[in-house]
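Residue-level structural notes
The lines below spell out each chain.
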Amino acid sequence: MLRCARNDEGGGAQAGFGWLAVTPLLLTLAACQPLSDPPVEGSVRPRIVSLNPCTDAVLAEVTSPGQLLAISHYSHDPSASSMDLARAAQFAEVSDAVEDVVALEPDVVVASSYTPPATAQALRDMGLEVVLEPLPADLPEALAQVRRLAKLAGNRSEGEELAGRIEAAVARAKPPTGVRPVQALLWESGGIVAGDHTLIADLMRRAGFANAAAARGLAQADYLPLERVVADPPRVVFTVGSPAGEEDRMLRHPALAKVRGMIRAPLDRSLIWCGGPTVPKALARFAQVRRSLDNPRSRGHLGPFDKLRVSGDEGNRTSSAHAELVEAPGTTADLHP
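As the structure is a computational prediction, the values presented were derived from the model and not from experiment.

Rules behind the numbers
Residues numbered from 1 in each chain as written. Predicted model: local features only at pLDDT ≥ 70, side-chain atom pairs only at ≥ 80, totals over all residues. Heavy atoms only, no water. Helix = DSSP H or I, 4+ residues; strand = E, 2+ residues; numbered from the N terminus. Buried < 20%, exposed > 50% of the residue type's maximum accessible area, 1.4 Å probe, protein only. Contact = heavy atoms within 4.5 Å. Polar contact = N/O pair within 3.5 Å; in protein donor to acceptor, adjacent residues only side chain to side chain. Disulfide = S-S within 2.5 Å. Core = buried A, V, L, I, M, F, W, Y, C linked by side-chain atoms within 4.5 Å. Salt bridge = Lys/Arg side-chain N within 4 Å of Asp/Glu carboxyl O. Axes fitted to C-alpha atoms, helices over the stretch in contact; angles between N-to-C directions. Parallel < 35°, antiparallel > 145°, perpendicular 65-115°, else oblique. Nonpolar A, V, L, I, M, F, W, Y, C, P; charged D, E, K, R; others polar. pLDDT = per-residue confidence, 0-100. Left-handed = near helix turned anticlockwise from the far one by under 90°. Phe/Tyr/Trp six-rings, centres within 6.5 Å; stacked < 30°, edge-to-face > 60°. Right-handed = clockwise from strand over helix to strand, strands pointing away. Pairing = 2+ DSSP bridges.

**Some details on the overall build of the chain**
What the chain contains, in helices and strands, is twelve helices and twelve strands. Looking at the chain residue by residue over its 337 residues, the buried ones come to 45%. For the chain, contacts bridging at least 24 residues in sequence account for 65% of all contacts bridging at least 6.

Dropping the structure here:
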């Protein structure tokens, strides 16, 4: 498609081509440009530093080579990153210290909405544009964030490509029409649950699950003790472990293995907070577990997403393991390596 300048914009197309004896048709075509990024975004794109691990991952996808000067130190930390570590290693890391950020001479600093106001103001006082990005609360917000950051970078086409991969992943994860949602609990270390009005809960719903925490009247980050899970078990418990192993004891408690008909499926911690390229990975894991429930007699095992081999773009992702489980009568089936 083409975008054509109007004759009344910037002196009109004729001002740029007045020395040519052209027909009106040729003049119109000369003023046309490919429908990609508007000229205002230009070839000189802003130099960006990201201090937010979630925007790190998005900006790595939608910026041009050399445009993303540094990403947050969190993305180089296996316990905090939502990015593949090999991908994160392609970018320099920066601390949250104002002097470290300023030394990189960015045009724009993208940070979290939780950034201390004094830090954000200090960066502005140094003449930098500061963009504060919240955690997306649902899929539409995640898509809007991708497009917003791509526009900021001057690379809208890359933003649309990433948004398209996300939307394709949503379509692949969608359960068949008429299939009843499966009660599922996302249970983190220390007994913390994911409430509704969070991105991860929205992705669970789109993959065919109903949030068992919300059904119990629990909100985001509420505590759900082991006794209540055993007394009123959901069909699936997505267990989200922590590098602090002591906090994981409840997720591995022997009592859970005795709960009839309940499935435990590990979910990597890197998938539960961020949007952008994290969304297809989370949806793939949810869909994998959901489809395993349709074939409870199959044999094998299913590990956490970080144990799955994924190749190609999200539009053609396949795992090296099938969604299979073995459920012994009267016991929990564990979907683990």
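**Thoughts on the side chain of Asp202**
Among the structural elements, Asp202 can be located in helix α9 (residues 199-206). Here the side chain of Asp202 touches Leu139 through a polar contact of 2.8 Å, landing on its backbone nitrogen. If sequence neighbours within four positions are ignored, Asp202 has contacts with Asp138, Leu139 and Pro140.

**Some points on the state of the cysteines**
The final tally for this structure, using the stated rule, is one disulfide. The side chain of Cys54 participates in a disulfide bridge whose partner is Cys274; the two sulfur atoms lie 1.9 Å from each other. The disulfide joining Cys54 to Cys274 has a torsion of about -70 degrees about its S-S bond and is therefore left-handed. Residue Cys54 is located in helix α3 (residues 53-62), and its partner Cys274 is located in the loop between β11 (263-266) and α12 (278-292); the two are separated by 220 residues in the primary sequence. The pair Cys54 / Cys274 is uniform in exposure class, with both members buried.

**Observations regarding the nonpolar core**
Formed by 53 residues in total, the largest nonpolar core has its most connected members in Leu186, Phe209, Val236, Phe238 and Phe286. For this core, the element with the most residues is helix α7 (residues 139-153), which contributes eight residues. For Leu186, the contacting residues outside a window of four places in its chain are Ile192, Val193, Ala194, Ile200, Met204, Phe238, Val240, Leu267 and Ile272. Core analysis: the second largest hydrophobic core is formed by 15 residues, Ala212, Leu224, Val229 and Val259 among them.

**Structural notes on the pattern of salt bridges**
A full pass over the atoms with the stated rule returns nine salt bridges. Residue Arg269 pairs with Glu188 through a salt bridge whose shortest N-O separation is 3.4 Å. Placement of Arg269 in the loop between β11 and α12 and of Glu188 in strand β8 (residues 182-188) is noted, with a sequence separation of 81 residues between them. With its nearest N and O atoms 2.6 Å apart, the salt bridge here joins Asp202 to Arg205. Linking Asp202 with Arg205, this pair stays in helix α9, spanning three residues, or about one helical turn. Through salt bridges with shared partners, one network takes in Glu61, Glu161 and Arg165.

**Brief notes about the packing of α7 against α9**
Their axes nearest at 8 Å, the elements α7 and α9 cross at an angle of 115 degrees. The pairing of α7 with α9 is recorded here as roughly perpendicular in orientation. In contact with Leu139, Pro140 and Ala142 of α7, α9 contributes Leu199, Asp202, Leu203 and Arg206. Each residue belonging to the contact of α7 with α9 can be placed in one class, and the counts come to five nonpolar, no polar and two charged.

**A closer look at the confidence of the model for the chain**
The predicted model of the chain has a mean per-residue pLDDT of 81, with 73% of residues at 70 or higher. In the predicted structure, residues 1-42 sits below a pLDDT of 50 and forms 40 contacts with residues beyond four places in sequence or in another chain. Within the model, the stretch residues 298-331 combines pLDDT values under 50 with 83 contacts to residues more than four positions away or in other chains.

**Focus: the packing of α7 against helix α8 (residues 156-173)**
Running from amino to carboxyl end, α7 crosses α8 at an angle of 160 degrees, the nearest separation of the two axes being 7 Å. Viewed along their axes, α7 and α8 adopt a mutual orientation that is roughly antiparallel. As α7 packs across α8, the resulting crossing turns out to be right-handed. Seen from α7, the contacting residues are Leu139, Leu143, Val146, Arg147, Ala150 and Lys151; seen from α8, they are Arg156, Gly159, Glu160, Leu162, Ala163, Ile166, Glu167 and Val170. A breakdown of the residues in the contact of α7 with α8 according to their chemical character gives eight nonpolar, one polar and five charged.

**Here we look at the packing of aromatic side chains**
Tallied over the entire structure, the rule returns three aromatic pairs. Here the aromatic rings of Phe209 and Phe238 are separated by 5.2 Å at their centres, their planes lie at 85 degrees, and the arrangement is edge-to-face. Of this pair, Phe209 sits in strand β9 (residues 209-211) while Phe238 sits in strand β10 (residues 236-240), and the two are 29 residues apart along the sequence. Exposure remark for Phe209: the relative accessible area of 2% places this residue in the buried category. Ring geometry for Phe238 versus Phe286: centroids 4.9 Å apart, planes at 75 degrees, classification edge-to-face. On the criterion of sequence distance, the pair formed by Phe238 in strand β10 and Phe286 in helix α12 is long-range, its members being 48 residues apart.

**Let's talk about the pairing of strand β4 (residues 68-72)**
Here is the key point about a regular strand: its side chains alternate between the two faces of the sheet. Counting buried residues along β4, five of its five residues qualify, which places the element largely inside the surrounding structure. Tracing the backbone out of strand β3 (residues 48-50), into α3 and back to the parallel element β4 gives a crossover that is right-handed. Where β4 lies against strand β5 (residues 92-94), three bridges are found, and the strand directions are parallel. Each residue of the ladder has a partner; that of Ile71, found in β5, is Glu93.

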